[in-house]
Amino acid sequence: MNRRSWQYHLRAPLFHINYIEIGQTGMPPVNAKKATSAGAGTGNGAGAAAPVLPNFGAGEAAPLYERVKRHMSEAILVGEWPPGMMLPNETALAQGFGVAVGTVRRAMSDLVAEGLLSRRRKTGTVVTGRTPHHSLRFFFQYFRLHRADGSLVHSTSQFLGVETLPATQAQAEALQIRTGGVIKVHRIRHVDGRPIMHDKLVMAEERLPDWPHDTAELPPLLYLHLLERYGIRISAVREQITADLAGDEDITLLQLGGREAVLTIDEVAYDQAGVPTILGWHRATTAAHAYVNEVR
């Protein structure tokens, strides 16, 4: 079979991470409730809905505005902040989150730019209900394979192994490793109870002290864990997409009937400083799904 290859080089200044289903985000509860004080309201009358907010303290490597932004965007995307919901003013939100007003303002400005929020004169900031398919944040947060009709696919992850190995010369050069080896993670992704994709990720050990080596302790959102535990924010990814015939490992893990065609994605993910951080290899069956990559 002929191999065809496409390359994508995607860049953006932010975004939280991992292309897996919403149900694994582990975000704090953000159920709406009625405002009980003037300080919690939006300034446009009684009865306005105010979100239940977590109080963000110190202790995580991720910048506060990114943590606030992640909380708000996930609340919108999972429907806990529904379309049309009027948010409290910046001062009230800042008090609820336990952060400075400037922190909330920066997070909200990003969400307005991405289309999740809209500022309305005389009324305030409202949830738009738009799904940001065009943003890299959506690209990273959700599973890459969609159903044939374009609908979002929810996946679950099963970690098959994690190990620390000496870095090969190619890995050391690609990851700009100075000392130590690499951490290799292998996982399989299921959709509707069926295996769809398996991933192998390689990272520099020197950048990830205390990385868990028990598959039961691995965080479900690896990229988000990089941000919150190590302050490493993925801001660009280079992909090479090819078609290939399934190998023995693919047939076993993806429960294929034989040497079927599989989609392969080879990638390098870069952090906020442009340092290569993750080498990834993904192999998937697309018998009932299509790869969707919409970025503008």
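Residues numbered from 1 in each chain as written. Predicted model: local features only at pLDDT ≥ 70, side-chain atom pairs only at ≥ 80, totals over all residues. Heavy atoms only, no water.

### Regarding the overall build of the protein chain
Piece 1. If you tally the helices and strands in the protein chain, you get seven helices and 13 strands.
Piece 2. Here the protein chain holds 296 residues, and 50% of them are scored as buried.
Piece 3. Of the contacts made within the protein chain by residues no fewer than 6 positions apart, 67% connect residues no fewer than 24 positions apart.
Piece 4. A total accessible area of about 13,500 Å² is found for the protein chain, and carbon and sulfur atoms account for 50% of it. (Helix = DSSP H or I, 4+ residues; strand = E, 2+ residues; numbered from the N terminus. Buried < 20%, exposed > 50% of the residue type's maximum accessible area, 1.4 Å probe, protein only. Contact = heavy atoms within 4.5 Å. Areas by Shrake-Rupley, 256 points an atom, 1.4 Å probe, with all protein chains shown as cover.)

### As for the environment of M72
Piece 1. Tracing the sequence through the fold places M72 in helix α1 (residues 64-77).
Piece 2. Distance in space between the C-alpha atoms of M72 and A107 is 8.5 Å, their sequence separation being 35 residues.
Piece 3. Here M72 is in contact with W81, L87, L93, F97, M108, L111 and L117, once residues within four sequence places are set aside.

### Points about helix α6 (residues 222-230)
Piece 1. Counting buried positions along α6 gives seven out of nine residues, so the element sits mostly inside the fold.
Piece 2. Phi for G231, located one or two positions after α6, is positive at around 70°.

### Topic: the side chain of R189
Piece 1. If you trace the backbone, R189 turns up in strand β8 (residues 182-191).
Piece 2. In this structure the side chain of R189 is engaged in a polar contact, spanning 3.4 Å, whose partner is the side chain of D199. (Polar contact = N/O pair within 3.5 Å; in protein donor to acceptor, adjacent residues only side chain to side chain.)

### With respect to the confidence of the model for the protein chain
Piece 1. On average, the protein chain scores 76 in pLDDT, and the residues at 70 or more come to 72%.
Piece 2. Least confident of the elements in the protein chain is strand β2 (residues 32-34), whose mean pLDDT is 35; most confident is helix α7 (residues 248-253), at 97.
Piece 3. Contacts of residues 1-50 to residues separated by more than four positions or lying in other chains number 159 contacts, the stretch itself having pLDDT below 50.
Piece 4. In this model residues 138-142 is a low-confidence stretch, pLDDT under 50, and it forms 34 contacts with partners more than four residues away in sequence or in other chains. (pLDDT = per-residue confidence, 0-100.)

### Considerations on helix α3 (residues 101-114)
In an α-helix, one full turn covers 3.6 residues, which means residues spaced three or four apart are oriented alike.
Piece 1. With 14 residues, α3 extends 20 Å from end C-alpha to end C-alpha; this agrees with the ideal 20 Å at 1.5 Å per step.
Piece 2. Looking only at α3, the buried set comprises T103, V104, A107, M108, D110, L111 and E114. The arc that holds the buried residues of α3, viewed along the axis, is 155°, so those residues lie on one side.
Piece 3. Looking one or two residues past α3, G115 carries a phi angle of roughly 95°, positive in sign. (Expected span 1.5 Å × (residues − 1). Arc of directions from axis to C-beta.)

### A closer look at the packing of aromatic side chains
For any pair of aromatic rings, the description consists of the separation of the ring centres together with the inter-plane angle of the planes.
Piece 1. Within the structure shown, the criterion is met by one aromatic pair.
Piece 2. Aromatic side chains W211 and Y230 sit 6.2 Å apart centroid to centroid with 25° between the ring planes, which places their arrangement in the stacked category. Of this pair, W211 sits in the loop between β9 (194-204) and α6 while Y230 sits in helix α6, and the two are 19 residues apart along the sequence. In terms of burial, W211 and Y230 fall into one category: buried.
Piece 3. A cation over an aromatic ring shows up here: R106 above the ring of Y65, its NZ or CZ 3.7 Å from the ring centre. (Phe/Tyr/Trp six-rings, centres within 6.5 Å; stacked < 30°, edge-to-face > 60°. Lys NZ or Arg CZ within 6 Å of the ring centre and 35° of its normal.)

### Here's the deal with unusual backbone geometry
Piece 1. We note that Q176 has phi near 55°; this positive angle belongs to a residue other than glycine.
Piece 2. Mapped onto the secondary structure, Q176 falls in the loop between α5 (169-175) and β8.
Piece 3. By relative accessible area, which is 48% here, Q176 ends up partly exposed.
Piece 4. Unusually for a residue other than glycine, D210 sits at a positive phi of about 65°.
Piece 5. Along the chain, D210 turns up in the loop between β9 and α6.

### Here we look at the pattern of salt bridges
Piece 1. Counting across every chain of the model gives 12 salt bridges.
Piece 2. For the salt bridge of D244 with R283, the shortest nitrogen-to-oxygen distance reads 3.3 Å. One end of the pair, D244, is in strand β10 (residues 234-245); the other, R283, is in strand β12 (residues 276-284), and 39 residues separate them in sequence.
Piece 3. By relative accessible area, D244 is classed as partly exposed at 22%.
Piece 4. A salt bridge links R283 to D250, with the shortest nitrogen-to-oxygen separation between them at 2.8 Å. Pair noted here: R283 is in strand β12 and D250 is in helix α7, with a separation of 33 residues, a long-range link.
Piece 5. Of the residues examined, D250 reaches a relative accessible area of 3% and is grouped as buried.
Piece 6. Taken together, the salt bridges that share partners define one network made up of E90, R105 and R119. (Salt bridge = Lys/Arg side-chain N within 4 Å of Asp/Glu carboxyl O.)

### Structural notes on the nonpolar core
Piece 1. Ranked by size, the top nonpolar core spans 18 residues in total, and within it M72, W81, L87 and L117 carry the most contacts.
Piece 2. Sorting the residues of this core by element identifies α1, α2 (90-97) and α3 as the ones contributing at least two each.
Piece 3. Counting residues in each nonpolar core, the second largest holds 17 residues, with V162, L201, L208 and I232 among its members. (Core = buried A, V, L, I, M, F, W, Y, C linked by side-chain atoms within 4.5 Å.)

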